[in-house]
Amino acid sequence: MQTPVFGLKVVADKLPRLLRRLETTPTSIVALLDRHAAQVAEDPLRSALKQVGLPFHILPWTASETRKSTVELEKISRRLVRLGADRHSLMIGVGGGISTDMAGLVAAMYMRGIAWAAIPTTLLGMADAAIGGKTAVNLPEGKNLLGAFHLPKFVLADVALLRTLPAREWGCGLGEVVKSAMIASPALLRNLEQCPRVSLRRSGKHSLSLARAAARVKCRIVEQDPLEGGVRKLLNLGHTFGHALETAAGPRRLAHGEAVALGLHCAMHMAVAEGLASTTYAQRVFQILDRCGLPNAYPGKLPSVAELSRLIARDKKKTGATVDVILPVRAGHCRIEVGQRPRDLAEMIHQALAS
Ligand SMILES: NC(=O)c1ccc[n+]([C@@H]2O[C@H](COP(=O)([O-])OP(=O)(O)OC[C@H]3O[C@@H](n4cnc5c(N)ncnc54)[C@H](O)[C@@H]3O)[C@@H](O)[C@H]2O)c1
Ligand SMILES: [Zn+2]
């Protein structure tokens, strides 16, 4: 897997080079561009594509979880046919995780698979979603249920594109950055502690180093376990608890990264309760989540244990009647606790968040 290319204001400069270095020159390029990212990304994208001199098309697209659907997948694929895209065309996803997931899945399926590349424009995309080759759309029955593993030829992360990112989206990205630090990077944890608070949510050298370090964690793990048979499960830290809370609260009250932050609280609480982690480490993690401006309490009345247990039991990553949960042990180290009962995990959420 290619290591993502990171930089500040690098699209116009690095994209042409990355395209020229592809082993097969594409016959044409189709870029799926998130409309909200277009304000910062369209000009550098267009000028880079012009420099390369290949036929290209930019498809503006409004990303949303409801539009991350099979209906849109078909519409975009049909646009590709009408634009004359062939087996040697290259797809580029430019946007947050929704757009790169969609572009990647279209590429995985179009004419039985064409090459693609990702230009993430959210912190979450740079640190997490654009990396690792998982692509998917949602079904009415649940998120990301229809997808494929399809690695992008390259990932180009230009932190300058984050300058229009809304505050809440910064929080979502930071939730995943803290997660990566807890899984495998004591240095990133220290960086999160030492970085000036205002710089945590601002496009610049600090966000560049945070996003790059988190992306490295994900790359290392995915390289060891591309198809999620073992160690890749670690990336699920905070997510078993987080997904249940996210579904219970709804996206308006709890965005994904905010729910992950609460999930990290719960996982930390459980690790201390089981004698696996020290309270000193837990306090450190709670302070980092706080400086990132992430929530430490559920918005409103916590759903009942029965309701949370039902939601945890629906977890996509469960095995039979039980769920594996990832617990943080010390800075940069976690362990996989297999065979947890959903009800016990729901009770843990109550212990961690009820106060
Ligand atoms: N494939 C994976 O491994 C993986 C991993 C994690 C998450 N995901 C997926 O990623 C999605 C979440 O990603 P996300 O948080 O990036 O969401 P997103 O794509 O919805 O982007 C968040 C919001 O920010 C807007 N936006 C994007 N870039 C912007 C910019 N530069 N300036 C202003 N606004 C901008 C988007 O239009 C959207 O409204 C989920 O669908 C999730 O399932 C995938
Ligand atoms: Zn996540």
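Look above for the structure.
Residues numbered from 1 in each chain as written. Chains lettered and ligands numbered in written order. Predicted model: local features only at pLDDT ≥ 70, side-chain atom pairs only at ≥ 80, totals over all residues. Heavy atoms only, no water.

**Overview of the nonpolar core**
By size, the foremost hydrophobic cluster in this structure holds 74 residues, and its most contacted members are Met182, Leu192, Phe241, Leu245 and Ile349. Considering each element in turn, this core owes the most residues, ten residues, to helix H10 (residues 256-273). If we skip the residues at most four places from it in the chain, Ile349 touches Phe241, Leu245, Cys266, Leu302, Leu308, Ile312 and Ala354. Judged by nonpolar contacts, the second largest core, of 26 residues, contains Ala31, Ala38, Ala48 and Leu54. (Core = buried A, V, L, I, M, F, W, Y, C linked by side-chain atoms within 4.5 Å. Buried < 20%, exposed > 50% of the residue type's maximum accessible area, 1.4 Å probe, protein only. Helix = DSSP H or I, 4+ residues; strand = E, 2+ residues; numbered from the N terminus. Contact = heavy atoms within 4.5 Å.)

**Quick look at the site of ligand 1**
In the region of ligand 1, 24 residues are neighbours, and Asp34, His36, Glu65, Thr122 and Thr164 sit closest. Here an oxygen atom of ligand 1 and a side-chain polar atom of Thr122 are 2.7 Å apart. One nitrogen or oxygen atom from the side chain of Lys218 is found 3.2 Å from an oxygen atom belonging to ligand 1. Protein coverage of the free-state accessible area of ligand 1, which is 860 Å², stands at 87%. By residue class, the composition of the shell around ligand 1 is eight nonpolar, seven polar and nine charged. (Near = heavy atom within 4 Å. Polar contact = N/O pair within 3.5 Å; in protein donor to acceptor, adjacent residues only side chain to side chain. Areas by Shrake-Rupley, 256 points an atom, 1.4 Å probe, with all protein chains shown as cover. Nonpolar A, V, L, I, M, F, W, Y, C, P; charged D, E, K, R; others polar.)

**Points about the packing of helix H9 (residues 239-249) against H10**
With their axes 7 Å apart at the nearest point, H9 and H10 run at an angle of 130° to one another. In this view, H9 runs oblique relative to H10, as classed from their interaxial angle. With respect to the hand of their crossing, H9 and H10 are arranged in right-handed fashion. Across from His239, Phe241, Gly242, His243, Leu245 and Glu246 in H9, the residues of H10 making contact are His256, Ala259, Val260, Leu262, Gly263, Cys266, Ala267 and Met270. Partitioning the contact of H9 with H10 into residue classes produces eight nonpolar, five polar and one charged. (Axes fitted to C-alpha atoms, helices over the stretch in contact; angles between N-to-C directions. Parallel < 35°, antiparallel > 145°, perpendicular 65-115°, else oblique. Left-handed = near helix turned anticlockwise from the far one by under 90°.)

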